[in-house]
Amino acid sequence: MTTSDEFSGLSAPLETSTSPALKFEVLARCSTTKARASKMHLPHYTAHTPMFMPVGTMGSIKGITTKQLEALDCHVILGNTYHLGSRPGPELLDAAGGLHKFMAWNRGLLTDSGGFQMVSLLKLANITEEGVEFENPHDGKKMMLTPEMSIGLQNSIGADIMMQLDDVVSSLTTGSRVEEAMWRSVRWLDRSIKAHSRPTEQNLFPIVQGGLDERLRTLSANELVKRDSPGYAIGGLSGGEAKGTFWRMVTLSTDILPTNKPRYCMGVGYAEDLVVCSALGVDMYDCVFPTRTARFGNALVRTGSLSLKQGRYKDDMSPIDKDCDCPTCKNYTKAYLHTTVTKDTTGCHLITIHNIAFQMRLMRDIRSAIVEDRFPLFIREFMQTRFGKTVPRWIVEALKSVNVDLTAADKNSSYIAAPIDEDFQKEPNH
């Protein structure tokens, strides 16, 4: 498996932005949707977007080496500031010369701020204007994470892209708390910018907040654009909200954020979500789903996923996906994986390799379709394979908003799908 070359032969960029530590070049646009294909030049690597970033919480992806990640064509991986700040800690990372050297990874790194983990994983988290107060899980003592501390930790980690500390609220929260969090996140952004000590080596991305409120999302996005950051994240989603609201918040944000800078939708990893959000103009994604589901024996395929723990695979001598060229599919059968996934970790590691390869191949296919200006046809073929005759209504509505109507045939495809009200359809309906 080799590094993506879908941009070979293209001429000058359509649009460019240059920051001290990031150059973003839009090389192709879909003539129908808001999708675009770009190069993002980072201090450690030039990433191709739209791209998916696997999550390596502690600076590693369970059971996978950095050499394997390179071979799978991963351009950027994500690390968690809270966990990395606890172990190995900033002192050891400073001594090692940053996380890239510590983990032997010479491509892109993105770190989150640690705020989400403070609120979601720890007891007695309390948000104040100063920062996030929480109970240390190791000794029970009260601790405080401030925007300045988060940036200091991320400067020690040395990631190519850092995220601001934001005031995290559930996407299901309503009322005055959402607006309070949105404005506090803007103020914390300004403190983060001031604390950032390595602006020529690392990029700080702010995060669009505002819950599911269109007015607050609009205010947040417009405030962040005033800071002229190297790129922007869309946060506060993928938290259990209805998908019909989710996609509207995404497209509202991409309508406001600059067209010449990268847009990162946080916490998105299902294949259909990646296709839809790319059509809505998003460039970057991360999610624990592909690697976490692998540890439960689930292999990703274009029709959904295969639960290889099930007995029906015990005599199946075919690979997970005959069209996949990952080491797992080239060397192992479903029967072998079924046997190992129920006995030890070997099968889980092999499925993890496949699932990462699946995500990388999907993103390459999306980029190639955009470059060749056949993305609407790709969408139809993808949805037909994934869902068949029925497609969740939110997908139909989201795609129709960018001129792809799955309920009617077009000149390149006879595929027609009927919308269903469920947000998720497990298997194709053929």
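It should be emphasised that the depicted structure is a prediction, and the values quoted were computed from it without experimental measurement. Position labels on residues start from 1 in each chain and follow its written sequence. The model is predicted, so local features are restricted to residues of pLDDT at least 70 and side-chain atom pairs to those at 80 or more, both for listing and for counting; the totals for chains, interfaces and linings are taken over all residues. Only heavy atoms go into the side-chain values, all of them from the structure, while hydrogens and water stay out.

## With respect to the overall build of the protein
We apply this condition: Elements are defined by DSSP. Helices are runs of H or I of four residues or more, strands are runs of E of two residues or more, and each kind is numbered from the N terminus. Only the C-alpha atoms count toward the radius of gyration. The rule for a globule is 2.2 Å times the residue count to the power 0.38. By definition, residues are in contact when any of their heavy atoms lie within 4.5 Å. Residue burial considers only the protein chains on display, and all accessible areas are found by Shrake-Rupley using a 1.4 Å probe. His residues and chain termini do not enter the charge count, which takes Lys and Arg as positive and Asp and Glu as negative. Charged groups are reduced to one reference atom each: NZ for lysine, CZ for arginine, CG for aspartic acid, CD for glutamic acid.
A count of helical and extended segments in the protein gives 16 helices and 20 strands. In terms of overall dimensions, the protein is globule-like: its C-alpha atoms have a radius of gyration of 21 Å, near the 22 Å expected for 430 residues. Expressed as a percentage of contacts within the protein between residues at least 6 apart in sequence, the contacts between residues at least 24 apart total 67%. Approximately 17300 Å² of the protein is accessible, and the part contributed by carbon and sulfur atoms is 51%. In the protein, 48 positive and 49 negative side-chain charges are present, and the distance between their average locations comes to 3 Å.

## So, helix α15 (residues 375-387)
How we decide: Expected span of a helix: the number of residues minus one, times 1.5 Å. Classification of residues uses two cut-offs on accessible area relative to the type maximum, computed with a 1.4 Å probe and protein chains only: under 20% is buried, over 50% is exposed, and between them is partly exposed.
With 13 residues, α15 ought to run about 18 Å at 1.5 Å a step, and its terminal C-alpha atoms sit 18 Å apart, in line with that. Every buried residue belonging to α15 is among Phe 375, Pro 376, Phe 378, Ile 379, Arg 380, Phe 382, Met 383, Arg 386 and Phe 387, and all of these are buried. Among the structural elements, α10 (271-279), β18 (304-307), α14 (346-371), β19 (390-392) and α16 (393-400) are those in contact with the buried residues of α15. Remark: Gly 388 follows α15 within two positions and exhibits a positive phi of approximately 80 degrees.

## Some points on the packing of aromatic side chains
Our working definition: Classification of ring pairs rests on two measures: the distance between centres of Phe, Tyr or Trp rings, Trp counted by its six-membered ring, which must be within 6.5 Å, and the angle between planes, read as stacked under 30 degrees, edge-to-face over 60 and tilted in between.
Considering all chains together, one arrives at six aromatic pairs under this definition. For the ring pair Tyr 332 and Tyr 336, a centre distance of 5.0 Å and an interplane angle of 25 degrees mean the geometry is stacked. With relative accessibility at 34%, the residue Tyr 336 sits in the partly exposed group. Aromatic side chains Phe 375 and Phe 378 sit 6.0 Å apart centroid to centroid with 15 degrees between the ring planes, which places their arrangement in the stacked category. On the criterion of helical spacing, the pair formed by Phe 375 and Phe 378 is a turn pair, its members being three residues apart in helix α15.

## Examining the packing of α14 against α15
Helices that pack against each other are described as a pair by the angle of their axes relative to one another and the distance between those axes. The line we're drawing: Convention adopted: a line fitted to C-alpha atoms gives each axis, helices being fitted over their contacting stretch, and angles between N-to-C directions are expressed from 0 to 180 degrees. The nonpolar class holds Ala, Val, Leu, Ile, Met, Phe, Trp, Tyr, Cys and Pro. Asp, Glu, Lys and Arg form the charged class, and all remaining residues, Gly among them, are polar.
In the contact formed by α14 and α15, the axes pass within 8 Å of each other and the chain directions differ by 145 degrees. Contacts between α14 and α15 involve Leu 362, Asp 365, Ile 366, Ala 369 and Ile 370 from the first element and Phe 375, Phe 378 and Phe 382 from the second. The residue makeup of the contact of α14 with α15, split by class, is seven nonpolar, no polar and one charged.

## Details of the layout of surface pockets
This is how it is decided: Lining residues are defined by having an atom within 4 Å of a point belonging to a cavity or pocket. Those points lie on a 1 Å grid over the protein atoms alone, cavities being sets where a 1.4 Å probe fits but cannot get out and pockets being open sets with protein on both sides within 12 Å along at least five of seven lines. Grid points are joined across faces, edges and corners, and a volume is the space filled by probe spheres set on the points.
Taken as a whole, the second largest pocket holds about 430 Å³ of empty space. Along the walls of the second largest pocket sit 24 residues, with Thr 303, Gly 304, Ser 305, Leu 306 and Lys 426 positioned nearest its centre. Broken down by secondary-structure element, the contributors of at least two residues to the lining of the second largest pocket are α10, β17 (298-301), β18 and α14. For the lining of the second largest pocket, the per-class residue count stands at 10 nonpolar, eight polar and six charged.

## Focus on the sheet that holds strand β4 (residues 46-49)
Operational definition: At least two DSSP bridges between two strands are required for those strands to pair.
In space, the four strands of this open sheet follow the order β1-β2-β3-β4, with antiparallel pairing throughout. The two strands at the open ends of the sheet, each matched to only one other strand, are β1 (15-19) and β4. Shown here is a sheet whose adjacent strand axes are inclined to one another by a mean of 15 degrees, direction ignored. In the sheet, β1 pairs with strand β2 (residues 22-29) via five bridges, with the strands oriented antiparallel.

## Re the side chain of Thr 352
Tracing the sequence through the fold places Thr 352 in helix α14. By relative accessible area, Thr 352 is classed as buried at 3%.

## Concerning the sheet that holds strand β10 (residues 142-145)
The pairing of strands in a sheet happens through backbone hydrogen bonds and is either parallel or antiparallel. Spatial ordering of the open sheet is given by β8-β9-β10, a layout of three strands whose pairing is antiparallel. Strands with a single pairing partner mark the edges of an open sheet, and in this sheet they are β8 (126-127) and β10. Of the pairings in the sheet, the one linking strand β9 (residues 132-135) to β10 comprises four bridges and is antiparallel in character. Each residue of the ladder has a partner; that of Glu 133, found in β10, is Met 144.

## Points about the pattern of salt bridges
Put simply, the rule reads: Salt bridges are counted wherever a side-chain nitrogen of Lys or Arg sits within 4 Å of a carboxyl oxygen of Asp or Glu.
Applying the stated criterion across every chain yields a total of 30 salt bridges. Here Arg 227 and Asp 190 are joined by a salt bridge, their closest N and O atoms 2.8 Å apart. Remark: Asp 190 occurs in helix α7 (residues 176-195) and Arg 227 occurs in the loop between α8 (214-225) and β14 (232-234); sequence separation between them is 37 residues. Under the relative-accessibility criterion, Arg 227 is labelled partly exposed at 24%. A salt bridge links Lys 261 to Asp 228; its shortest N-O distance comes to 2.5 Å. Taken as a pair, Lys 261 in the loop between α9 (243-256) and β15 (263-265) and Asp 228 in the loop between α8 and β14 lie far apart in primary sequence, 33 residues in all. In the salt-bridge network here, residues are joined through shared partners; they are Glu 129, Asp 167, Arg 177, Glu 180, Arg 184 and Arg 187.

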